[in-house]
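Commentary on secondary and tertiary structure
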Amino acid sequence: MDKIVIRGGERLIGEVEVSGSKNATLPIFASSLLAEGTHRFHNVPDLRDVRTIVEVLHNLGVQVSQEGRVYRIDATHVSNLEAPYDLVKTMRASILVLGPLVARMRRATVSLPGGCAIGARPINLHLMGLEAMGTKIDLRGGYVEARADRLKGADITFDIPTVTGTENLMMAAALAKGTTRLQNAAMEPEVVELANVLTEMGARINGAGTRLIEIEGVDSLQPVEHTIMPDRIEAGTLMVAAGLTRGNIKILNCPIRHMETVVAKLRESGMEIDPEEDGVRVVGTRRIRSVDVKTQPYPGFPTDMQAQFMVLMSLAKGLSIITETIFENRFIHVSELRRMGANIRIQGNTAIIQGVESLSGAEVMATDLRASASLVLAGLAADGLTKVSRVYHLDRGYEALDRKLAKLGADIKRVKEAD
């Protein structure tokens, strides 16, 4: 098992490129199940979660081949309609194959999902929507068994916006008979990206990026060639790294138009963030100002940036408050930051952070994807040596983050646990 070792105190300087978006890639790969023929997807990141969704597709009989960052996916002959527990337990996004399989193949058996330990994140809204479209759902032995004739359009209102729920039902509705309306839909850029891919495939979708998405079903879809959008959470994480180290970096392939809330909060903390012709210049300042944030569905401050921002606030001047409204267990990184000297108190879904002059290197353990990134960031700013274990969490959603930071001047390396 790998760990990442960081000697803090190095200022980050140089250029770094953002990889393709994990949260866009996974539903787009699942959408390949909706059409016969070969899709070509470019700018696909090399991530553990991408390899997992490829395994899920392989298990269904889908042909997947790879040349660098280009993937070819041919779902012409789907020979198996079950996504088993051994695969789905490692990544909850595997549930995204449910909607496409029911829509095209009329049947699917998918294990109830697993993933990061940051809250229950139930799939009841997915199932409610599929039932409204004419699917018979049974839960047996930890599996969702779904059967349907051709799905029918329906009016579906989400109790709360759900990204994967919106994506699953949007894919299912693309082949349904009639019109489906998804109300209180998720507005995330990755939802819009999926809608764009489905439209390129021949789907008829209006309203993606708003709270009301309308999908007029069609009889069939065609394969596409598409380039995956850059990852806004990776870009935000790199910005925080610059802020923590008083760095001066240029971020290439940066989706800043999808990052308005994050950029506004980072600027409020004192950072300079300025678009340039071929990237975004990010400059950290000597003293960080305290800023309050509250996580919200897009276009609000993303929960996926909460842990990273908390590290920044741990070194800010004054008191800051971070309120987490999305996932109930997303403060599990706090105990590890305290080991490094952070002054953080938790009251319910609120973290109260009193900034300190410095953090100290320590041995810490990653507990989920974004928590692992936050510990790496803390190590960049800490005095002495930080060792982050269980970094397989990091590899689920960040492509070679240690190597990218090293290129910018960080003293960071990946080692085997026994070294």
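Everything below is about the structure shown above.
Residues numbered from 1 in each chain as written. Predicted model: local features only at pLDDT ≥ 70, side-chain atom pairs only at ≥ 80, totals over all residues. Heavy atoms only, no water.

1. Describing the overall build of the chain
Where we set the bar: A helix here means a DSSP run of H or I that spans at least four residues, while a strand means a run of E at least two residues long, and both kinds are numbered starting from the N terminus. The reference for a compact globule is 2.2 Å times residues^0.38; the radius of gyration itself is calculated from the C-alpha atoms. Residue exposure (1.4 Å probe, protein chains only): buried if accessible area is under 20% of the type maximum, exposed if over 50%, otherwise partly exposed.
On a plain count of helices and strands, the chain comes out with 14 helices and 26 strands. Over its C-alpha trace the chain gives a radius of gyration of 21 Å, about what one expects of a compact globule, namely 22 Å for 419 residues. Along the three orthogonal principal directions, the C-alpha set of the chain runs to about 65 × 45 × 40 Å. A burial count over the chain gives 59% of its 419 residues as buried.

2. Here we look at the pattern of salt bridges
Selection rule: Each salt bridge in this description consists of a side-chain nitrogen of Lys or Arg and a carboxyl oxygen of Asp or Glu lying within 4 Å of one another.
With the rule as written, the count across this model stands at 26 salt bridges. Of the charged contacts in the structure, one is a salt bridge between Asp138 and Arg140, with a shortest N-O distance of 3.8 Å. When salt bridges that share partners are traced, they join Asp2, Asp395, Asp402, Arg414 and Lys416 into one network.

3. Focus: the sheet that holds strand β3 (residues 38–42)
This is how the line gets drawn: A pair of strands is considered paired only if DSSP assigns at least 2 bridges between the two. To define axes, lines are fitted to C-alpha atoms, for helices over the stretch in contact only, and angles between the resulting N-to-C directions are given on a 0 to 180 degree scale.
The mixed open sheet is built from four strands, whose spatial order is β4-β5-β3-β14. In this open sheet, the two edge strands, each paired with only one partner strand, are β4 (63–67) and β14 (225–227). Sheet twist, expressed as the mean angle between neighbouring strand axes with direction ignored, is 15°. Alignment of β4 against strand β5 (residues 70–74), held across five bridges, turns out to be antiparallel. Bridge assignment links Gln66 to a residue of β5, and that residue is Tyr71.

4. Quick look at the pairing of strand β1 (residues 2–7)
With respect to burial, β1 is a largely interior element, five of its six residues being buried. Inspection of the sheet shows β1 paired to strand β26 (residues 411–416) by six bridges, in the antiparallel sense. Paired with Ile6 across the two strands is Ile412, which belongs to β26. Two elements, β1 and strand β25 (residues 385–389), share five bridges in a ladder whose sense is antiparallel. Its bridge partner being in β25, Ile6 is matched across the sheet by Thr386.

5. Quick word on the sheet that holds strand β11 (residues 179–183)
The four strands are arranged β10-β11-β13-β12 in an open sheet whose pairing can be described as mixed. The outermost strands of the open sheet, each flanked by one partner alone, are β10 (155–157) and β12 (204–206). Strand-to-strand twist of the sheet, defined as the mean angle between neighbouring strand axes without regard to direction, takes the value 15°. Examined bridge by bridge, β12 and strand β13 (residues 212–216) share three bridges and lie antiparallel to one another.

6. With respect to the packing of aromatic side chains
Formally: Stacked, edge-to-face and tilted labels apply to pairs of Phe, Tyr and Trp rings (six-membered ring for Trp) whose centres lie within 6.5 Å, assigned for plane angles under 30 degrees, over 60, and everything in between, in that order.
What the rule picks out here adds up to three aromatic pairs. On the numbers, 5.4 Å between centres and 55° between planes, the contact of Phe29 with Tyr71 is tilted. A residue pair is termed long-range when its members are at least 10 positions apart, and Phe29 in helix α1 (residues 22–31) and Tyr71 in strand β5 qualify at 42 residues. Residue classification places Phe29 among the buried positions, given a relative accessible area of 0%. Owing to a relative accessible area of 6%, Tyr71 belongs among the buried residues under this scheme. Here the aromatic rings of Phe301 and Phe309 are separated by 5.4 Å at their centres, their planes lie at 70°, and the arrangement is edge-to-face.

7. Observations concerning the side chain of Thr386
Note the cut-off: Whether two residues touch is decided by their heavy atoms; if any such pair falls within 4.5 Å, the residues are in contact.
Checked against the element boundaries, Thr386 lands in strand β25. Excluding residues within four positions of it along the chain, Thr386 makes contact with Ile4, Val5, Ile6, Met340, Gly361, Ala362, Val364, Leu375 and Gly379.

8. Section: unusual backbone geometry
Peptide bonds are mostly trans, and most non-glycine residues show a negative phi. A cis geometry characterises the amide bond from Tyr298 onward to Pro299, with omega recorded as 15°. With respect to the secondary-structure elements, Pro299 resides in the loop between β19 (293–294) and α10 (306–314). Positive phi, close to 75°, is recorded for Arg106, a residue that is not glycine. In this structure, Arg106 sits in the loop between α4 (98–105) and β7 (107–111). One non-glycine residue with positive phi stands out, namely Arg246, at about 55°.

9. Brief notes about the environment of Ala264
Note that Ala264 resides in helix α9 (residues 260–268). Sequence-wise, Ala264 and Phe301 are 37 residues apart; in three dimensions their C-alpha atoms are separated by 9.7 Å.

10. Focus on the side chain of His333
Structurally, His333 is set in the loop between β21 (319–323) and α11 (334–339). Excluding residues within four positions of it along the chain, His333 makes contact with Gln306, Ala307, Met310, Thr367, Ala371 and Ser374.

11. Quick notes on the environment of Gly341
With respect to the secondary-structure elements, Gly341 resides in the loop between α11 and β22 (343–347). Judged by its relative accessible area of 37%, Gly341 falls in the partly exposed class. For the pair formed by Gly341 and Leu385, sequence separation is 44 residues and the distance between their alpha carbons is 13 Å. Residues within four places of Gly341 in sequence aside, it is in contact with Val356 and Leu359.

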